[in-house]
Structure formats: C-alpha cells, structure tokens
Amino acid sequence: MLLAAVVLIVVVALVFDFINGFHDAANSIATVVSTRVLSPNLAVAWAAFFNFVAAFAGGVHVANTMGKGIINFDMLRAAGPTAVLMVVFSSLMGAIAWNLLTWWWGLPSSSSHALAGGMIGATLPVLGFQGLVGSGIARIAAFIVLSPLIGMTLGIGMMLATTWAVRKQTPLRVDTWFRRLQLVSSAIFSFSHGTNDAQKVMGIIAVVLFGTIWRDRPFHIDWWMIISCHAAIGLGTFFGGWRIIRTMGHSLTKLAPIGGFCAETGGGVTIIALAELGIPVSTTHTITGAIVGVGSTRGWRAVKWGTAGRIIWAWVFTIPAAALVSVIVYGLTLAVVRLVG
C-alpha cells in the first residue's frame, strides 16, 4: 500500500513537471516566435530539446534546496510516511491548480514559487512554523524581486552594448545576423529553464522516497530522477502554453531579433548563475524583466505597462495563493484518509 502511494505521488510530481514545461514554454520561445525567427512548432521543439539536454550539465543544487531548504526534511521524515505523502501530495496539487489557473488567464506566473508556496502551505498543518526553513524561504522571496531586476539590468546593458557594437551596420545586415544568433540565445535560455525548473521536482521526488520507503538512506538525487524530470519538462514544453506565449511575445512589448537575442541571453545567464548557487528562481520573472529592460531602451512607451502590471500582481499572489490551495487540499485529503481509516 505504501509503495503504491509513493509511486502515485512520484507520477503526480512528473505530471507537475510536464505542466511546468507546458506553462513555461512561453518563457523559452516567446521572443524567438514574436521576432519570427522560428515558427511556433519549431520553436517548442528547439526549446524542448535544450530543456532535456540540461540534464547532462545542469547539476542538482536547486534540487537540494527544494528538498531540504524550504521545509525541515528531518522533522517531516520523523513525522512518519503518511505525513510525508500528504504534505507532498498537497504541495503538488496546490501548485498544479495555480499553474492551470494562471495558464487559463494567460498570465506568466512562476511555477517555482507556486511549488514553494504549496510546500509552505501543506507543511504548516503538520509541523507548524518550526517545520519551515526561514532562511531558505527568505532567499526565495528576495529573488521574487531581485531576479527580474537582474534580468532587466542585463537586458538593458546587453541591448545598449550590442546596439553600439553594430551602429555602423545596415539594418538589414543586423537583422540577418541576429536572426541566426537568436537561435543560440534561445538555446541558452531553454537550457537555463531546464537547469532551474526540472530540478525542483527532483527535490520533491527525493523527499517522497527518502521520507518513506528509503528512510534508512541518506538524502540524494539519483540519476533516474534527473533524466525523468528533464524528459517530463521537455515534453511539456513541446506541447506549449499558447495563451501565455501571446502575452509574453506580443502583449508586453515589440521586439526585433537583436532585442530578442539580448533578452534571452540576459535572462538565461541570470538563471544559470543563480542555479549554480542553488537558488530556485523564477524563469518567468527573469525573462519578463529582461524583455521589459530591452523594450525600455526604446523609450518608456515601448513597454505596455498595463500588461506588466497584471503580470506583477500574478507574481505577488503566487506563493500565498498556492499555499492556500495546498492547505485546502491537505484538509480534504486528511478527511478522506480518516474516512477510509
């Protein structure tokens, strides 16, 4: 019975990873589609490939943070296998519900923060505040603000430097060059997306396994977790979340290939650097900041600030909304468990 429950929750975790890729496909391909460098179908295939390739060079620092840096894993494991299963299941369902809602609304919210919020909400009824790792949560919360600002700064800096470097070239030649270079920048960003986002679910799967059927083993990330999570997120990206792609690629600002290159490169470099530090940042926040930064170099009116405002509100509510849904799911799950004994 315990093994069946563990397998079921691992499957749910991989479903979340698929939805993460589906939801965040816009992050990886919005600029390359909006600049018409690639068709939507080719763009999602390109992004999905580099999501998966990141499995072989992305590391597991973020996975360890998600597994032991948000909730007190040792305390949760001591509470017993049932507590572990209920907390993880409720966390995943809260994050999935918020992701699907924001996909329906066409808002590029953060899957990373939805999962973090879900973990926080589901842990509170079981362990209380002492079951949370305050320093880890504070670091994640800080980068809700910092990651888009870093992305924006790098986007602006790259755009200004690149524009100056090609100032003597004809517009046609610049456009031709950067249509080719945007394939590289899109690959960089898709790689960074796989590096950061696939690792979150590895951490969750490790919590389930080492908190239940492998309680006598030390916490670590196995190779099969890495491969399966990257495959799931790559497959989700391949199917794409077109509602959000329209928001990111067309409603926020208008980009030329040179702008798309700068936004993707700035965002991708930011995410890869922070992933190496084990910080589970939002790829959505980072690329949005980079796109806004690039757009703002053409003047304040080049950015549609009304759309940006809607996106920011989604950011603000993601952690508390996912936490609330997880608490509700936990309560319902507990009622069912008690009903069936």
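Residues numbered from 1 in each chain as written. Predicted model: local features only at pLDDT ≥ 70, side-chain atom pairs only at ≥ 80, totals over all residues. Heavy atoms only, no water.

## Some remarks on the overall build of the protein chain
Scanning the protein chain for helices and strands turns up 13 helices and zero strands. Reading the protein chain from its N terminus to its C terminus gives the helix and strand order α-α-α-α-α-α-α-α-α-α-α-α-α. When burial is assessed residue by residue, the protein chain has 58% of its 341 residues classed as buried. Taking contacts inside the protein chain between residues at least 6 apart in sequence as the whole, the part at least 24 apart equals 87%. Carbon and sulfur atoms form 72% of the exposed surface of the protein chain, whose accessible area is close to 13800 Å². (Helix = DSSP H or I, 4+ residues; strand = E, 2+ residues; numbered from the N terminus. Buried < 20%, exposed > 50% of the residue type's maximum accessible area, 1.4 Å probe, protein only. Contact = heavy atoms within 4.5 Å. Areas by Shrake-Rupley, 256 points an atom, 1.4 Å probe, with all protein chains shown as cover.)

## Here we look at helix H12 (residues 283-296)
Taking 1.5 Å of rise per residue, the 14 residues of H12 would be expected to cover 20 Å, and the 20 Å separating its terminal C-alpha atoms lies within 8% of that figure. The buried fraction of H12 is high, at 13 of 14 residues. (Expected span 1.5 Å × (residues − 1).)

## Section: the pattern of salt bridges
Applying the stated rule across the entire model yields three salt bridges. As a salt-bridge pair, arginine 77 and aspartate 74 come within 3.4 Å of each other at their nearest N and O atoms. Taken together, the residues arginine 77 and aspartate 74, both in helix H4 (residues 73-78) and three residues apart, mark about one turn of the helix. For aspartate 74, a relative accessible area of 46% gives the class partly exposed. Lysine 200 serves as the salt-bridge partner of aspartate 197, at 3.5 Å between the closest nitrogen and oxygen. Of the two residues, aspartate 197 and lysine 200 both sit in helix H8 (residues 171-210), three residues apart, roughly one turn of that helix. You can call aspartate 197 buried: its relative accessible area is 0%. (Salt bridge = Lys/Arg side-chain N within 4 Å of Asp/Glu carboxyl O.)

## Points about the environment of alanine 122
By the secondary structure assignment, alanine 122 is in helix H6 (residues 111-127). The exposure class assigned to alanine 122 is buried, which follows from its relative accessible area of 0%. Taking the C-alpha atoms as reference, alanine 122 lies 8.6 Å from phenylalanine 89; in sequence the two are 33 residues apart. Once residues lying within four places of it in the same chain are set aside, the contact partners of alanine 122 are Val87, Ser90, Ser91, Ser326 and Tyr330.

## Focus on the nonpolar core
Ranked by size, the top nonpolar core spans 55 residues in total, and within it Ile70, Leu76, Val88, Leu92, Leu115, Ile205 and Ile221 carry the most contacts. Broken down by element, the residue count for this core peaks at 10 residues, all from H8. Among all residues touching leucine 92, those that are not within four sequence positions of it are Ile9, Val12, Ala13, Phe16, Leu115 and Ile204. Among the nonpolar cores identified, the runner-up in size contains 19 residues, and Phe189, Cys262, Leu274 and Ile279 belong to it. (Core = buried A, V, L, I, M, F, W, Y, C linked by side-chain atoms within 4.5 Å.)

## With respect to the packing of aromatic side chains
In total, this model carries nine aromatic pairs according to the counting rule given. What links up through ring pairs into an aromatic cluster is the set Phe73, Phe210, Trp214 and Phe219. Here the guanidinium or amino end of arginine 167 rests over the ring plane of tryptophan 164, the centre of that ring lying 4.0 Å away. (Phe/Tyr/Trp six-rings, centres within 6.5 Å; stacked < 30°, edge-to-face > 60°. Lys NZ or Arg CZ within 6 Å of the ring centre and 35° of its normal.)

## A word on the packing of H8 against helix H9 (residues 223-239)
Helices that pack against each other are described as a pair by the angle of their axes relative to one another and the distance between those axes. Between H8 and H9, the shortest axis-to-axis distance is 9 Å and the interhelical angle comes to 130 degrees. Looking at the two axes, H8 sits oblique to H9. The crossing of H8 and H9 is right-handed. Taken together, the residues of H9 that come into contact with H8 (itself represented by His193, Gly194, Thr195, Asp197, Ala198, Val201, Met202, Ile205, Ala206, Leu209 and Phe210) are Trp224, Met225, Ile226, Cys229, His230, Ile233 and Thr237. (Axes fitted to C-alpha atoms, helices over the stretch in contact; angles between N-to-C directions. Parallel < 35°, antiparallel > 145°, perpendicular 65-115°, else oblique. Left-handed = near helix turned anticlockwise from the far one by under 90°.)

## Side note on the side chain of threonine 318
By the secondary structure assignment, threonine 318 is in helix H13 (residues 305-340). At 3.1 Å, the side chain of threonine 318 and the side chain of tryptophan 98 are in polar contact. If we skip the residues at most four places from it in the chain, threonine 318 touches Trp98, Ser109, Ser110, His113 and Ala114. (Polar contact = N/O pair within 3.5 Å; in protein donor to acceptor, adjacent residues only side chain to side chain.)

## Focus: the environment of glycine 194
In this structure, glycine 194 sits in helix H8. Each C-alpha atom, one on glycine 194 and one on threonine 283, is 9.7 Å from the other, the two residues being 89 residues apart in sequence. For glycine 194, the residues in contact, after removing those within four places along its chain, are Asn51, Ala54, Gln199 and His230.

## With respect to a nonpolar patch on the surface
The grouping of Leu2, Leu3, Val7, Val11, Val15 and Ile213 at the surface amounts to a nonpolar patch, some 470 Å² of accessible area in total. Secondary-structure assignment places isoleucine 213 in the loop between H8 and H9. (Patch = residues over 30% accessible without salt bridge, like charges linked within 9 Å, V, L, I, M, F, W, Y side chains within 5 Å.)

## Let's talk about the packing of helix H11 (residues 257-276) against H12
Across the interface, H11 lies against H12 with an axial gap of 8 Å and an inter-helix angle of 145 degrees. The interaxial crossing formed by H11 with H12 has right-handed handedness. On H12, the residues touching Gly259, Cys262, Ala263, Glu264, Gly267, Thr270 and Ile271 of H11 are Thr283, Thr286, Ile287, Ala290, Ile291 and Val294. Here the contact of H11 with H12 is built from residues that sort into seven nonpolar, five polar and one charged. (Nonpolar A, V, L, I, M, F, W, Y, C, P; charged D, E, K, R; others polar.)

## Some thoughts on the confidence of the model for the protein chain
Averaged over the protein chain, the pLDDT score is 85; the fraction of residues at 70 or greater is 89%. Taken element by element, the protein chain is modelled with least confidence in helix H10 (residues 242-251), mean pLDDT 50, and with most confidence in H4, mean pLDDT 94. This stretch, residues 247-252, has a pLDDT under 50; its non-local contacts, to residues over four places away or in other chains, come to 29 contacts. (pLDDT = per-residue confidence, 0-100.)

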